[in-house]
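Commentary on secondary and tertiary structure
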Amino acid sequence: MCKECGCDSTEEQKNENKQTKEIMIDRSVNIANDSIAHMISHNLKDKKILCINLMGSPGSGKTTVIEGISSYINPEEIAVIQGDLESDIDKIRLEKKNILTYQINTHSGCHLDAMMINKALLNMKIIGKRYLLIENVGNLVCPAGIKIGQHADIVTSSTTEGSDKPKKYPHIFLDAKAVVITKTDLSEAVSFDEKRYIKDITDINSKIKIMKSSSKQPESFKEIAEYMIHQRDHLIGLSHPHHDR
Amino acid sequence: MHELSATKSIIKTIIEECTKNKSRPEEIFIDVGELTTYKKASLVHYYDTLKKDDELLKDSRLLVKEIDTKIICNDCKKTGKIIDTTIMLCPVCNSGNIDIIEGKDLIIKKIKIY
């Protein structure tokens, strides 16, 4: 007997009689996030602000890179959204450099998403800024592929993490426009195999721009600052001499 | 870990579609690209866990198809499958000047309803 209505049909008979139909969806599961990300990216471009998604392991030097480039780009032109599980340690660091910074604490969240960025932007005065740097949660896995409104991804990858990171964590490098090899002053001490690293990273992404930095050589951040200026010029359609991609 | 939020998003779409069509879901077809950070087993696990408490979903199944990475080469213009995702080179001419055409998305393809 049918369990639902008490009729005489068996479950098998009911299944045979079941009229099924297929509804085509063909839509990304992340469509809600991606729509907001698209809107953010579009709005920032309209305001002539380049948005960078800065990703890398915890301690790979993301905040140090921002501090470093603020010697070559006027800090008043930079805004930062900081993503960390807890604390405002990096916000305080950047505010000492006169950089407008908004802190997001994700608590247990492993990456930032477009909704979080949208909310942050509603609470920031970004008019007049030229660069929005989003320092994602330190993680080489989860932030990869999550759109947050960025115009470009830059990954920081420190020599102390080892030269095998591109082989072990390829996803994060796949769509990146650039990678910054940080802590190069420690290369020798940690036996960083630069040749192998560059070969492996260009096997994943042949178009990636590779830069290097060291907090012991403040002038090493100049190239990253120039790269960002170049990327912004591209975004807003300004012409400039072409030295690289 | 973010398969949980992805699964919740899938469920939201199923409920919307079934409400619209005044029907119940039987099978949900999902494509998961190799280059996403989503894993088939976790998506199925979260779906099976979440559906238990839902009258509409409890008899339905999530069917996940894994999608390989496919590229088109901007040099030789051929398309091909990537065997090792740490070596993203054209399998025909070995060029790195490629665009990925499949394998980066998590997509709800279709829902079988009754």
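No experiment lies behind these values; they were computed from the predicted model shown. (Residues numbered from 1 in each chain as written. Chains lettered and ligands numbered in written order. Predicted model: local features only at pLDDT ≥ 70, side-chain atom pairs only at ≥ 80, totals over all residues. Heavy atoms only, no water.)

This next bit is on the sheet that holds strand 4 (residues 79–81) of chain B. Residue and element names in this part refer to chain B. Sheet architecture is open: 3 strands sit in the order 4-3-5, paired in antiparallel fashion. The strands lining the two open edges of the sheet, one partner per strand, are strand 4 and strand 5 (98–102). Along the sheet, successive strands turn relative to each other by an average axial angle of 35°, direction set aside. Of the pairings in the sheet, the one linking strand 3 (residues 70–73) to strand 4 comprises 3 bridges and is antiparallel in character. Directly across from I72, in strand 4, lies its bridge partner T79. (Pairing = 2+ DSSP bridges. Helix = DSSP H or I, 4+ residues; strand = E, 2+ residues; numbered from the N terminus. Axes fitted to C-alpha atoms, helices over the stretch in contact; angles between N-to-C directions.)

So, about the interface of chain B and chain A. Taken together, the contacts link 36 residues of chain B with 30 residues of chain A. Summed over both partners, the interface of chain B with chain A buries about 2,800 Å², with 55% contributed by carbon and sulfur atoms. When the buried area of chain B at its contact with chain A is split by residue, H2(B), T86(B) and K110(B) rank highest and sum to 18% of it. Where chain B meets chain A, there are 4 salt bridges. The salt bridge partner of E22(A) is K110(B), with a shortest N-O separation of 3.3 Å. The interface formed by chain B and chain A holds 15 residue pairs in polar contact (both at pLDDT 80 or more) in total. If you list the elements that add at least two residues to the side of chain B that touches chain A, you get helix 1 (3–21), strand 5 and strand 6 (106–113) of chain B. No other element matches the 8 residues that strand 6 of chain B contributes to the side of chain B that touches chain A. (Contact = heavy atoms within 4.5 Å. Buried area = accessible area lost by both parts, 1.4 Å probe. Salt bridge = Lys/Arg side-chain N within 4 Å of Asp/Glu carboxyl O. Polar contact = N/O pair within 3.5 Å; in protein donor to acceptor, adjacent residues only side chain to side chain.)

What follows covers the nonpolar core. The tendency in soluble globular proteins is for nonpolar side chains to be buried as a group. Residue and element names in this part refer to chain A. Ranked by size, the top nonpolar core spans 24 residues in total, and within it I66, I69, V80, L133, I154 and I224 carry the most contacts. Those elements giving two or more residues to this core turn out to be strand 2 (50–56), helix 3 (62–69), strand 3 (78–84), strand 5 (131–135), strand 6 (152–158), strand 7 (178–182) and helix 9 (222–236). Broken down by element, this core gets its largest block of residues, 5 residues, from helix 9. Once residues within four sequence positions are removed from consideration, I66 is found in contact with L54, V80, L94, I99, L133 and E135. (Core = buried A, V, L, I, M, F, W, Y, C linked by side-chain atoms within 4.5 Å. Buried < 20%, exposed > 50% of the residue type's maximum accessible area, 1.4 Å probe, protein only.)

Let's shift gears to the confidence of the model for chain B. Residues and elements named next belong to chain B. A residue-level look at chain B finds 99% of positions with pLDDT of 70 or above and a mean pLDDT of 95. The element-level mean pLDDT for chain B is lowest in helix 1, coming to 94, with strand 2 (residues 61–67) highest at 98. Here the predicted complex carries an ipTM of 0.90, next to a pTM of 0.89. (pLDDT = per-residue confidence, 0-100.)

Our next topic: unusual backbone geometry. All names here are of chain A. One non-glycine residue, D26, lies in positive phi territory at about 50°. Among the structural elements, D26 can be located in strand 1 (residues 21–28). A positive phi is found at K183, a non-glycine position, where the angle reads about 60°. Structurally, K183 is set in the loop between strand 7 and helix 8 (194–204). On the basis of relative accessibility, which here comes to 26%, the residue K183 falls in the partly exposed class.

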